[in-house]
Amino acid sequence: MTRTAIAYIRVSTVRQGKSGLGLEAQQATLARFAEAEGYNLIQTFKEVETGKGADALDRRPQLAAALKAARKLKSPIIVAKLDRLSRDVHFISGLMSQKTPFIAAELGADADPFMLHLYAALAEKERAMISRRTRDALAAKKAQGVKLGGLNARGIANRDEAMERAEQLRPILTELAGRSARATAAALNERKIATPTGGRWHAATVIRVQKRIGEGHPARCAAV
């Protein structure tokens, strides 16, 4: 039996929105999930925002519209990953209080609100720890008189943004695992999925993104 659902897709920078980066990857993930779980995605809401101050519903008009549509249809809202809703556990808790079911494709259809709260809290804690370790490491290097060069706050932000863009491509790269870099590039271009910079894929681009994902998550490198 096919069930109705609302799809919500979000990218956190204007550049990603213009290039389509992340949008196509999330769309593909949601389409596969809906087909596997028997959902009919009758509406898709796409949000592009800067991320700064975005953890407030009045700054997320497409999410507000998705909630309104879901309530009217008594359907769940499906996202590719939990962080597409937010990286802030308080904001996610507020969404849960709306009484509209949320499903994160990465966690499966059976993940209940308690699990979503738990994963959000763990993700927030992990990000805080990574941020603190980065600051401590930079402070230690500075105290030792090491010249940090371009690795300043802006450099760290750019690096983290690049990692996020690469991470959004993980589901599709995992699906294409086993193919050569050239064949993977051809498949991505055929699906009209943009590179992290908005261009076409080449073998070298695939290898670079796979390496970036692997460096971010060593334990999962083999899965990409």
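The sections below set out a description of the structure shown in this document. Just so it is clear, the structure is predicted and the values come from calculations on it, not from any experiment.

## What about the packing of aromatic side chains?
Link 1 in the chain: Applying the stated criterion across every chain, the model contains one aromatic pair.
Link 2 in the chain: With a centroid separation of 6.4 Å and an interplanar angle of 10 degrees, the aromatic rings of Phe-33 and Tyr-39 are classed as stacked.

## So, helix H3 (residues 61-73)
Link 1 in the chain: The end-to-end C-alpha distance of H3, which contains 13 residues, comes to 18 Å, matching closely the 18 Å that a straight helix rising 1.5 Å per residue would cover.
Link 2 in the chain: The complete set of buried residues in H3 reads Leu-63, Ala-66, Leu-67, Ala-69 and Ala-70. Along the axis of H3, the buried residues cluster in a sector spanning 170 degrees; they form a single face. Residues of H3 that are exposed and point more than 90 degrees away from the buried face comprise Lys-68 and Lys-72.

## Details of the pairing of strand E1 (residues 3-11)
Link 1 in the chain: In terms of residue burial, E1 counts as a mostly covered element, since seven of its nine residues are buried.
Link 2 in the chain: When E1 meets strand E2 (residues 39-48), the two strands line up parallel, connected through nine bridges. Paired with Ala-7 across the two strands is Thr-44, which belongs to E2.
Link 3 in the chain: The sheet contact formed by E1 and strand E3 (residues 77-79) spans two bridges and is parallel. Residue pairing for E3: Ile-6 is matched across the bridge by Ile-77.

## Structural notes on the environment of Val-79
Link 1 in the chain: Residue placement: Val-79 occurs in strand E3.
Link 2 in the chain: For Val-79, a relative accessible area of 1% translates into the label buried.
Link 3 in the chain: Sequence-wise, Val-79 and Phe-33 are 46 residues apart; in three dimensions their C-alpha atoms are separated by 9.8 Å.
Link 4 in the chain: Discounting chain neighbours no more than four positions away, the residues touching Val-79 are Tyr-8, Leu-30, Arg-84, Leu-85, Ile-103, Ala-104 and Ala-105.

## Digging into the nonpolar core
Link 1 in the chain: Counting residues in hydrophobic clusters, the biggest one holds 22 residues, and the most contacted among them are Tyr-8, Ile-77, Leu-85, Leu-95 and Phe-102.
Link 2 in the chain: Elements supplying a minimum of two residues to this core: E1, H3, E3, helix H4 (89-96), strand E4 (102-104) and helix H5 (113-143).
Link 3 in the chain: Setting aside anything within four residues of it in sequence, one finds Leu-95 in contact with Leu-57, Leu-63, Leu-67, Leu-85 and Phe-102.
Link 4 in the chain: The next biggest cluster of nonpolar side chains, apart from the first, holds 16 residues, and it includes Ala-28, Ala-166, Ala-181 and Val-209.

## Considerations on the sheet that holds E2
Link 1 in the chain: Within the open sheet, the four strands sit side by side as E2-E1-E3-E4. Their pairing is parallel. A strand with exactly one partner marks an edge of an open sheet, and here the two such strands are E2 and E4. Sheet twist, expressed as the average angle between the axes of neighbouring strands with direction ignored, equals 30 degrees.
Link 2 in the chain: With three bridges connecting them, E3 and E4 associate as parallel partners. Pairing of Ile-77 across the sheet is with Phe-102, part of E4.
Link 3 in the chain: Each of E1, E2, E3 and E4 is contacted by helix H2 (residues 23-37), which is oriented at about 160 degrees to E1, the strand it contacts most.
Link 4 in the chain: Those strands touched by H3 are E1, E2, E3 and E4, and its axis lies near 160 degrees from that of E2.

Thresholds applied
- Residues numbered from 1 in each chain as written.
- Predicted model: local features only at pLDDT ≥ 70, side-chain atom pairs only at ≥ 80, totals over all residues.
- Heavy atoms only, no water.
- Phe/Tyr/Trp six-rings, centres within 6.5 Å; stacked < 30°, edge-to-face > 60°.
- Helix = DSSP H or I, 4+ residues; strand = E, 2+ residues; numbered from the N terminus.
- Expected span 1.5 Å × (residues − 1).
- Buried < 20%, exposed > 50% of the residue type's maximum accessible area, 1.4 Å probe, protein only.
- Arc of directions from axis to C-beta.
- Pairing = 2+ DSSP bridges.
- Contact = heavy atoms within 4.5 Å.
- Core = buried A, V, L, I, M, F, W, Y, C linked by side-chain atoms within 4.5 Å.
- Axes fitted to C-alpha atoms, helices over the stretch in contact; angles between N-to-C directions.

Functional significance is not addressed by these values, which are geometric in nature.
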